[in-house]
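# Close look at the chain arrangement
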Amino acid sequence: MNDILIKKTTAFFQDKFGNAPEKVVLSPGRINIIGEHIDYNDGYVLPAAIDKIICFAFAKNNTNTSKVVALDLNEEFEIDVTAEVKLDEVDWTNYIRGVINQLKINGFKFEGVNCVFSSNIPVGSGLSSSAALECGFLFGLNDIFNLNIKPIDIALLGQKSEHWVGIKCGIMDQFSSVMGLEDKVIRIDCKSLEYEYHTADFNDYSLILFDSNVKHSLMTSAYNERRQQCEEGIAIAKANFPEIKSFRDCTEQTIIDLKDKMSHDVFRRSLFVVKEINRVIQACEALDNGNIELLGELMFATHDGLSKDYEVSCEELDLLVDLAKKETAVIGSRLMGGGFGGCTINLVKKGQEQQIKDKFSKLYREAFDIELKIYDVKIGNGTSLYK
Ligand code: GLA
């Protein structure tokens, strides 16, 4: 599948610009096994890069203007890389503009490129196509202009680009897009940015994504509001317990003791964060020990918290998780990523995948008259140079 994408992208580049690309970069989307909405709360997360990618073809054009073509959208734009960078109403261009802006404000020297990109990462499904776009574009410029930016700093600059566009995201998406390794999940300590690879062996279970095929528009504002509520929660904890520096130093009891000092929402968000941090630690151990059933239970518990306490689910995602709970062949399921639509991630007994897929598609269509999209997950490598 990726071979076709690479051929299509490079052939288009050749036709459009009259020369072959100098560099071809592949940048993946990501899944997350567990650890949601805690990357910006000093927590741990357990994501992995996937084999769905954006392919970029690049060449220097020896001018100060970059020309970037989004092949799938049949759209393109030009940007003078020496001028002040501003947000535009064409959404996808802002991720590229954001990257150029970050490089400029951090003093990197670079010129214009011609670039064509094309993707097989579903957009708006919670698979981080925007992180793949930022990190792949950054990776290409880094290589072409010898900017010497380390992989982790590519992730951090990608995250800052996303902030500039408007979502005050954590580091999980960009980190996993850049640092992913085939067949491994990454346990990231989002406080120190230390990380470890763990083998992605789910024994008798397959990882399957059910894409609700809905995207509720509140995402950006609701995401930033959750972040702000958590900041309020941890500020109250710090003010009351001087030994507390972050949510990592809190127990559930710490938050419960502060219930009267917090608004109802801040209390529920904070309690979710502390519980989710502990779930990731347990989940990673369960994975290492081959206790996939326990991992599945923790995933269900995460969904419960995301839905009821963090309030980032929606009726479509809740239904998909409820369906999963009723099936003995599905031992874990939860919404994945920021929420308000996108995918659930599911652990489905090997051999029963097709039957579950058929059943869920039918029931989902009956409930919402929407087609359920389904992706089998393969864990792949992080952003890399193809040529
Ligand atoms: C989005 C953000 C991430 C993370 C998830 C929720 O994907 O970009 O940083 O916060 O939501 O876990």
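Residues numbered from 1 in each chain as written. Predicted model: local features only at pLDDT ≥ 70, side-chain atom pairs only at ≥ 80, totals over all residues. Heavy atoms only, no water.

By the naming in an unreviewed UniProt entry, the protein chain is Galactokinase, taken from Flavobacterium gilvum. Here is the UniProt Sequence similarities (unreviewed entry) comment for the protein chain, exactly as written: "Belongs to the GHMP kinase family. GalK subfamily." (UniProt positions renumbered as here; feature names shortened; annotations may be inferred.)

Another point: the sheet that holds strand β1 (residues 23-32). Taken in spatial order, the six strands of this open sheet run β5-β4-β6-β3-β1-β13, and their pairing is mixed. A strand with exactly one partner marks an edge of an open sheet, and here the two such strands are β5 (75-80) and β13 (384-385). Where strand β3 (residues 47-60) meets strand β6 (residues 113-119), seven bridges bridge the pair, whose relative direction is antiparallel. Of the residues in β6, the one forming a bridge with Lys60 is Val113. Helix α2 (residues 91-105) rests against β4 (65-70), β5 and β6 of the sheet, and its axis sits at about 25° to β5. Relative to β1, helix α5 (residues 172-179) is tilted by about 130°, and along the sheet it contacts β1 and β3. (Pairing = 2+ DSSP bridges. Helix = DSSP H or I, 4+ residues; strand = E, 2+ residues; numbered from the N terminus. Contact = heavy atoms within 4.5 Å. Axes fitted to C-alpha atoms, helices over the stretch in contact; angles between N-to-C directions.)

Turning next to the side chain of Asn114. Within the fold, Asn114 resides in strand β6. Side chain to side chain, Asn114 and Asn61 meet in a polar contact 2.9 Å long. Not counting the four nearest positions on each side in its chain, Asn114 is found in contact with Phe13, Phe17, Ala57, Phe58, Ala59, Asn61 and Lys67. (Polar contact = N/O pair within 3.5 Å; in protein donor to acceptor, adjacent residues only side chain to side chain.)

This part is about the sheet that holds strand β9 (residues 205-215). The four strands lie next to each other as β10-β11-β9-β12, forming an open sheet whose pairing is antiparallel. A strand with exactly one partner marks an edge of an open sheet, and here the two such strands are β10 (330-335) and β12 (373-376). Strand-to-strand twist across the sheet, computed as the mean angle between neighbouring axes with direction ignored, equals 20°. With five bridges connecting them, β10 and strand β11 (residues 341-349) associate as antiparallel partners. Residue pairing across strands places Val330 opposite Val348, the latter belonging to β11. Strand contacts of helix α9 (residues 292-308): β9, β10 and β11, with the helix running at about 30° to β10, the strand carrying the most contacts.

What follows concerns the site of the ligand. As a matter of local geometry, the ligand sits amid Arg30, Glu36, His37, Asp39, Tyr40, Cys169, Gly170, Met172, Asp173, Tyr223, Gly337 and Gly338. Within the side chain of Asp173, an N or O atom sits 2.6 Å from an oxygen atom of the ligand. Within the complex, the protein chains bury 94% of what would otherwise be the 310 Å² of accessible surface of the ligand. (Near = heavy atom within 4 Å. Areas by Shrake-Rupley, 256 points an atom, 1.4 Å probe, with all protein chains shown as cover.)

What follows concerns the pattern of salt bridges. Under the criterion given, the structure shown has 21 salt bridges. Between Arg97 and Asp88 there is a salt bridge, with its nearest N and O atoms 3.5 Å apart. According to the relative accessible area criterion, Asp88 is partly exposed, its value standing at 31%. Between Lys308 and Asp304 there is a salt bridge, and its shortest N-O distance comes to 2.9 Å. Placement of both Lys308 and Asp304 in helix α9 is noted, with a separation of four residues, approximately one turn of the helix. In this structure Asp304 comes out as partly exposed when scored by relative accessible area, which is 32%. Overlapping salt bridges, with partners in common, bring together Asp265, Arg268, Arg269 and Glu311 in one network. (Salt bridge = Lys/Arg side-chain N within 4 Å of Asp/Glu carboxyl O. Buried < 20%, exposed > 50% of the residue type's maximum accessible area, 1.4 Å probe, protein only.)

Okay, the packing of aromatic side chains next. Within this structure, the stated rule accounts for 13 aromatic pairs. Look at Trp92 and Phe117: their rings are 5.6 Å apart centre to centre, the planes differ by 65°, and that puts the pair in the edge-to-face class. With Trp92 in helix α2 and Phe117 in strand β6, this pair connects stretches of sequence that are 25 residues apart. The burial state of Trp92 is the same as that of Phe117; both residues are buried. Here the aromatic cluster, defined as three or more aromatic residues joined through ring pairs, consists of Phe56, Phe58, Phe77, Trp92, Phe117 and Phe137. (Phe/Tyr/Trp six-rings, centres within 6.5 Å; stacked < 30°, edge-to-face > 60°.)

Attention shifts here to the UniProt feature "domain: GHMP kinase C-terminal" (unreviewed entry) in the protein chain. Look at the UniProt record and you will see "domain: GHMP kinase C-terminal" (unreviewed entry) annotated at residues 285-365. From the first C-alpha to the last, residues 285-365 spans 37 Å; its make-up is 57% helix and 19% strand.

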